[in-house]
Amino acid sequence: QTLTTLFAETLGIDHIGIDDNFFHLGGHSLLATRLTSRIRGELAVEVPISKVFEFPTVAGLAEHLAAAPKEPAEKRPALRRMARPTGKTP
């Protein structure tokens, strides 16, 4: 269910079936990167972008994740606002 929601939100569509292909619905490499980031944040698992290309459906990716060894995702620091080299904050 979570993967279905993440696929739909990333693609900006209301509904996606578990056998719908991410790339046939308008996905591309930049959106695949966004999807892997969302998966990491929501499910706390690391998914290389290559796995989205290899398993472009919710069903395929879910099956891959279920079979993958369970290693916790590396906790990444939260983004924070920083001053630009000019000294101005964006």
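This report concerns the structure included in the present document. Worth saying up front: this structure is predicted, and the values here are computed from it rather than measured. (Residues numbered from 1 in each chain as written. Predicted model: local features only at pLDDT ≥ 70, side-chain atom pairs only at ≥ 80, totals over all residues. Heavy atoms only, no water.)

**Description of the overall build of the chain**
In plain terms, the rule: Think of it this way: any DSSP run of H or I at least four residues long counts as a helix, any run of E at least two long counts as a strand, and we number them from the N terminus. Only protein chains enter the calculation, and the probe is 1.4 Å; a residue is then buried if its accessible area is under 20% of its type maximum, exposed if over 50%, and partly exposed in between. Pairs of residues are marked as contacts when any of their non-hydrogen atoms sit within 4.5 Å. The accessible surface values rely on the Shrake-Rupley method and a 1.4 Å probe; as for residues, cover is taken only from the protein chains in view.
What the chain contains, in helices and strands, is 4 helices and 0 strands. Listing each helix as α and each strand as β along the chain from the N terminus yields α-α-α-α. A burial count over the chain gives 29% of its 90 residues as buried. Within the chain, contacts between residues separated by at least 24 positions form 49% of all contacts whose residues are at least 6 apart in sequence. With the model as given, the accessible surface of the chain reaches about 6400 Å², and the carbon-plus-sulfur share is 55%.

**Section: the packing of aromatic side chains**
Going by this rule: Any two rings among Phe, Tyr and Trp, with Trp reduced to its six-membered ring, count as a pair given centres within 6.5 Å; such a pair is stacked if its planes are under 30 degrees apart, edge-to-face if over 60, and tilted if neither.
Scanning the model with the defined rule gives 3 aromatic pairs in all. Between the aromatic rings of Phe-7 and Phe-22, the centroid separation amounts to 5.6 Å while the plane-to-plane angle is 80°, which identifies the pairing as edge-to-face. With Phe-7 in helix α1 (residues 2–11) and Phe-22 in the loop between α1 and α2 (29–43), this residue pair connects regions lying 15 residues apart in the sequence. Taking relative accessible area as the criterion, Phe-7 reaches 0% and is therefore assigned buried. Relative accessible area serves as the criterion here: at 0%, Phe-22 is assigned to the buried category. What links up through ring pairs into an aromatic cluster is the set Phe-7, Phe-22, Phe-23 and Phe-53.

**Focus: the side chain of Thr-57**
As for its position among the elements, Thr-57 is in the loop between α3 (49–54) and α4 (58–67). Filtering out sequence-adjacent residues up to four positions away, Thr-57 remains in contact with Phe-7, Ile-18, Asp-19, Asp-20 and Asn-21.

**Here we look at the nonpolar core**
So the rule is basically this: Joining through side-chain atoms within 4.5 Å is the link that ties buried Ala, Val, Leu, Ile, Met, Phe, Trp, Tyr and Cys residues into a set, and such a set is a nonpolar core.
Counting residues in each nonpolar core, the largest one holds 16 residues, and the members touching the most others are Leu-3, Phe-7, Phe-22, Leu-35, Ile-39 and Leu-61. When residues of this core are traced back to their parent elements, those giving at least two are α1, α2 and α4. For this core, the leading source of residues is α1, giving 5 residues. Excluding residues within four positions of it along the chain, Phe-22 makes contact with Phe-7, Thr-10, Leu-11, Gly-27, His-28, Leu-31, Ala-32, Leu-35, Val-52 and Pro-56.

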